[in-house]
Amino acid sequence: MSTFTTISSDKMARLIGTANAPVLIDVRTEEDFAADRRLIPGSVRLSHDNVTDWGGAFAGRRVVVSCFRGEKLAQGTAAWLRQLGVQAETLEGGFEGWKAAKLPLLDARKLPPRDARGRTVWVTRARPKVDRIACPWLIRRFVDRNAVFLYVAPSEVVGVGERFNAAPFDIENVFWSHRGELCTFDVMIEEFGIATAPLLRLATLVRGADTARPELAPEAPGLLAASLGLSRMYDDDLEQLEAGMLLYDAFYRWCRDATTETHNWPTNKVKA
């Protein structure tokens, strides 16, 4: 049962993927991580040994700390973080508890290298429409909240990726791209191993909007229309991405929480 300083896996699972999710910090030892190189979605690995060095960067923020079983490493790290002005909790049962609950786990082996500040860096074509906004949303909400996205001329994506150590996506002949009938958003969900019913439902909308198959879902044309509208509203691709984050937050919450909800305008009854 959750307390003031702990949070259950079920409650944490409801927060992951949302804009107000806490920072999830994995402090498993290298030995424990080597035994299972998966991560709870959205988490970042840091060492408990130097929490006093990095902890201050999270002052004023909400953090959830997880170790192997949610015991001494997580609780000690969280206690130190609270000393540093962080609203820190521990995940009940830690990584093993999350795994036992059969909740999604991200395959960390698929993550691109991180930069000096611990961020993954991605590069794709400029002037995004659907996939090139949907994929960054997925990465920031479920993979790396601090990920950096570079939008460049189509002919320069691969070269920029090589020179700036960035992972290219949504162009031909790279790992993170369309495969058969799947769009890049589908591929990322599959490769990272984070498939859930809401994400798969959202993936169908993205695929329908991105590959000119509106028949896949009634909502796909609406997503396409909103995406094209945003692309006309913003000349700056990064500003468009920030606006698109809100758009996909809304579609994700609909996919997760509101697919059965309807809105019926009351019929006006005319008196005789």
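Scroll up a little and you will see the structure.
Structural notes, computed from the coordinates. The structure presented is a predicted model; accordingly, all values stated were derived computationally and were not measured. (Residues numbered from 1 in each chain as written. Predicted model: local features only at pLDDT ≥ 70, side-chain atom pairs only at ≥ 80, totals over all residues. Heavy atoms only, no water.)

**Thoughts on the overall build of the chain**
Thinking step 1. Check the secondary structure of the chain and you find 11 helices and 10 strands.
Thinking step 2. Against the compact-globule benchmark of 19 Å for 272 residues, the chain has a radius of gyration of 20 Å, which places it among compact chains.
Thinking step 3. When burial is assessed residue by residue, the chain has 47% of its 272 residues classed as buried.
Thinking step 4. Counted over contacts in the chain with a minimum sequence separation of 6, partners at least 24 positions apart contribute 68%. (Helix = DSSP H or I, 4+ residues; strand = E, 2+ residues; numbered from the N terminus. Rg over C-alpha atoms; globule rule 2.2 N^0.38 Å. Buried < 20%, exposed > 50% of the residue type's maximum accessible area, 1.4 Å probe, protein only. Contact = heavy atoms within 4.5 Å.)

**Examining the nonpolar core**
Thinking step 1. Membership of the largest hydrophobic core comes to 56 residues, with the highest contact counts inside it found for W122, W137, F185, L202 and Y248.
Thinking step 2. Listed by contribution, the elements that provide at least two residues to this core are α1 (9-15), α5 (94-100), α6 (131-142), β9 (148-152), α8 (184-192), α9 (197-210), α10 (220-233) and α11 (237-258).
Thinking step 3. Those residues in contact with W122 that sit more than four places away from it in its chain are P112, I139, A147, V148, F149, L150, A166, A167, F169, W176, M188 and F192. (Core = buried A, V, L, I, M, F, W, Y, C linked by side-chain atoms within 4.5 Å.)

**Description of the pattern of salt bridges**
Thinking step 1. With the rule as written, the count across this model stands at 22 salt bridges.
Thinking step 2. Each of R14, R253, R256 and D257 takes part in one network of salt bridges that share partners. (Salt bridge = Lys/Arg side-chain N within 4 Å of Asp/Glu carboxyl O.)

**Focus on the packing of α10 against α11**
Thinking step 1. At a minimum axis separation of 10 Å, α10 and α11 run at an interaxial angle of 165°. Accordingly, the angle class assigned to the pair α10 and α11 is roughly antiparallel. Helix-helix and strand crossings are classified by hand; for α10 and α11 the assignment is right-handed. On the side of α10, the interface is formed by L223, A226, S227, L230 and S231, while α11 contributes Q240, A243, G244, L247, Y248 and F251.
Thinking step 2. Residue composition of the contact of α10 with α11, grouped by class: seven nonpolar, four polar and no charged. (Axes fitted to C-alpha atoms, helices over the stretch in contact; angles between N-to-C directions. Parallel < 35°, antiparallel > 145°, perpendicular 65-115°, else oblique. Left-handed = near helix turned anticlockwise from the far one by under 90°. Nonpolar A, V, L, I, M, F, W, Y, C, P; charged D, E, K, R; others polar.)

**Thoughts on the sheet that holds strand β5 (residues 62-66)**
Thinking step 1. Ordered by their spatial adjacency, five strands build an open sheet running β1-β6-β5-β2-β4, and the pairing between neighbours is parallel. With partners counted over all chains shown, the strands left at the sheet margins are β1 (6-7) and β4 (43-45), one partner each.
Thinking step 2. Set on the sheet, helix α4 (residues 72-83) makes contact with β5 and β6 (87-91); between it and β6 the angle comes to about 170°. (Pairing = 2+ DSSP bridges.)

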